[in-house]
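# Fold and geometry: a report
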Amino acid sequence: MAVDRLPSFDLVVATLGRVGELERLLASLEAQTHRAFRVLLVDQNEDDRLESILGERQVEIVRLRAERGLSRSRNAALGDIRSDLVAFPDDDCLFAPELLERVARRFAGDPTLDGLTGRAIDEAGRSSSSWARDPALLTRENLWNRAISFTIFLRAPLVTRVGRFDEQLGLGARSPWTSGEEIDYLVRAVDAGAQIEYDPNLTVTHPDTRVAPTTLRSLGRRDGASVGYILRKHAYPKRMVGRMFIRPIGGVLVALARGDREQAAFQLSTLRGRLLGYRS
């Protein structure tokens, strides 16, 4: 692909319940310095609450409908992919004005690059300590802390090759594995031979939502179950499985040493979830 013709984007945005947050995302997209993109907006709402914010937008929006479920919604958009690159912004994230141009130039300058992932930050520019700080080519072993849905950019031919999201995973799934759909997708992409780079300097803003301790434990169990499911589904070697189970055990011990009972309960719930997911 010639550098003087920057690639175009299809941005797959699944939305449910949010209005103000989606409007902020669309405003951030209207401010992009690179304008060759479409928004494939997959509306899971059962009403017309989005009508008030979709009129007269300065971006091309293709509005689609799907039943509830994040992976099902994304799958509903895959048949409408027409652009060079595909991304999956959350409906409450924000893109910096130069983000799409930076990503487009990276792909235009390296025809061997199949995908690019970045790091999540909050609105103060902070990032969780769990994010890797070193750039890397993604492998099955290292991708776990180097990607989240809204920081993933893939070439359209790779998306065609990998295919649909696993509908057993992701929010709204009819299973206990209600997260991790993007990790599963990247594992499949890497297994297909894709060259995907992680760049920690490429950031996407996502609000930092504080949750109650009981909700935190539920999240730990949910996310842990999805991790266990993915480890089993993709036949990860025992050394990797063992490492993924040891981490929350270490987290429990560290939290107890600090007197942080909430964090200890979260880590314990994560461990139980991983065991449940793996055994299932």
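## What to know about the nonpolar core
Of all hydrophobic cores here, the largest spans 78 residues; its most connected members are F9, L29, W144, F153 and L154. Excluding its chain neighbours within four sequence positions, the residues that come into contact with L154 are D84, L85, V86, F88, D114, G115, V159, Y185, L186 and I196.

## Focus: the pairing of strand β8 (residues 196-205)
Burial analysis of β8 places seven of its 10 residues in the buried class, which makes it a mostly covered element. Of the pairings in the sheet, the one linking strand β5 (residues 115-121) to β8 comprises six bridges and is parallel in character. Each bridged residue has a counterpart across the sheet, and for I121 the counterpart in β8 is T205. Note that strand β6 (residues 136-137) and β8 share two bridges and pair antiparallel. Bridged to L137 within β8 is E197.

## Some points on unusual backbone geometry
If you check the backbone angles, E56 has positive phi at about 60° while not being a glycine. Structurally, the position occupied by E56 is in the loop between α2 (51-54) and β3 (60-65).

## Notes on the sheet that holds β3
Strand order in the open sheet made by the eight strands is β3-β2-β1-β4-β7-β5-β8-β6, with mixed pairing throughout. In this open sheet, the two strands that pair with only one neighbour each are β3 and β6. Relative to strand β2 (residues 37-43), strand β1 (residues 9-15) runs parallel, the two sharing seven bridges. Looking at β2, one finds that A14 is bridged to V42.

## A closer look at helix α1 (residues 20-30)
Those residues of α1 that sit buried are L22, L25, L26, S28, L29 and E30. Where the residues of α1 are buried, they touch β1, β2, α2 and β3.

## Overview of the side chain of S149
Mapped onto the fold, S149 is located in the loop between β6 and β7 (152-155). By relative accessible area, which is 5% here, S149 ends up buried. Of the polar contacts made by the side chain of S149, one reaches the side chain of R74; its length is 3.3 Å. With residues up to four places along the chain from it excluded, the contact list for S149 reads R74, F88, D90, E181 and E182.

## Remarks on helix α9 (residues 261-279)
Between its first and last C-alpha, α9 extends 27 Å over 19 residues, near the 27 Å set by a 1.5 Å rise per residue. N-capping of α9 is provided by D260, with a side-chain oxygen placed 3.4 Å from the backbone N of E262.

## Overview of the packing of aromatic side chains
The tally for this structure, following the rule as stated, stands at eight aromatic pairs. When the ring of F245 is compared with that of Y278, the centres are 6.0 Å apart and the planes differ by 85°; the resulting orientation is edge-to-face. Here F245 is found in helix α8 (residues 238-257), whereas its partner Y278 is found in helix α9, with 33 residues between them in sequence. Sitting over the face of the ring of Y236, R140 holds its NZ or CZ atom 4.6 Å from the ring centroid. Here the guanidinium or amino end of R232 rests over the ring plane of Y278, the centre of that ring lying 5.1 Å away.

Quick notes on the rules
Residues numbered from 1 in each chain as written. Predicted model: local features only at pLDDT ≥ 70, side-chain atom pairs only at ≥ 80, totals over all residues. Heavy atoms only, no water. Core = buried A, V, L, I, M, F, W, Y, C linked by side-chain atoms within 4.5 Å. Buried < 20%, exposed > 50% of the residue type's maximum accessible area, 1.4 Å probe, protein only. Contact = heavy atoms within 4.5 Å. Helix = DSSP H or I, 4+ residues; strand = E, 2+ residues; numbered from the N terminus. Pairing = 2+ DSSP bridges. Polar contact = N/O pair within 3.5 Å; in protein donor to acceptor, adjacent residues only side chain to side chain. Expected span 1.5 Å × (residues − 1). Phe/Tyr/Trp six-rings, centres within 6.5 Å; stacked < 30°, edge-to-face > 60°. Lys NZ or Arg CZ within 6 Å of the ring centre and 35° of its normal.

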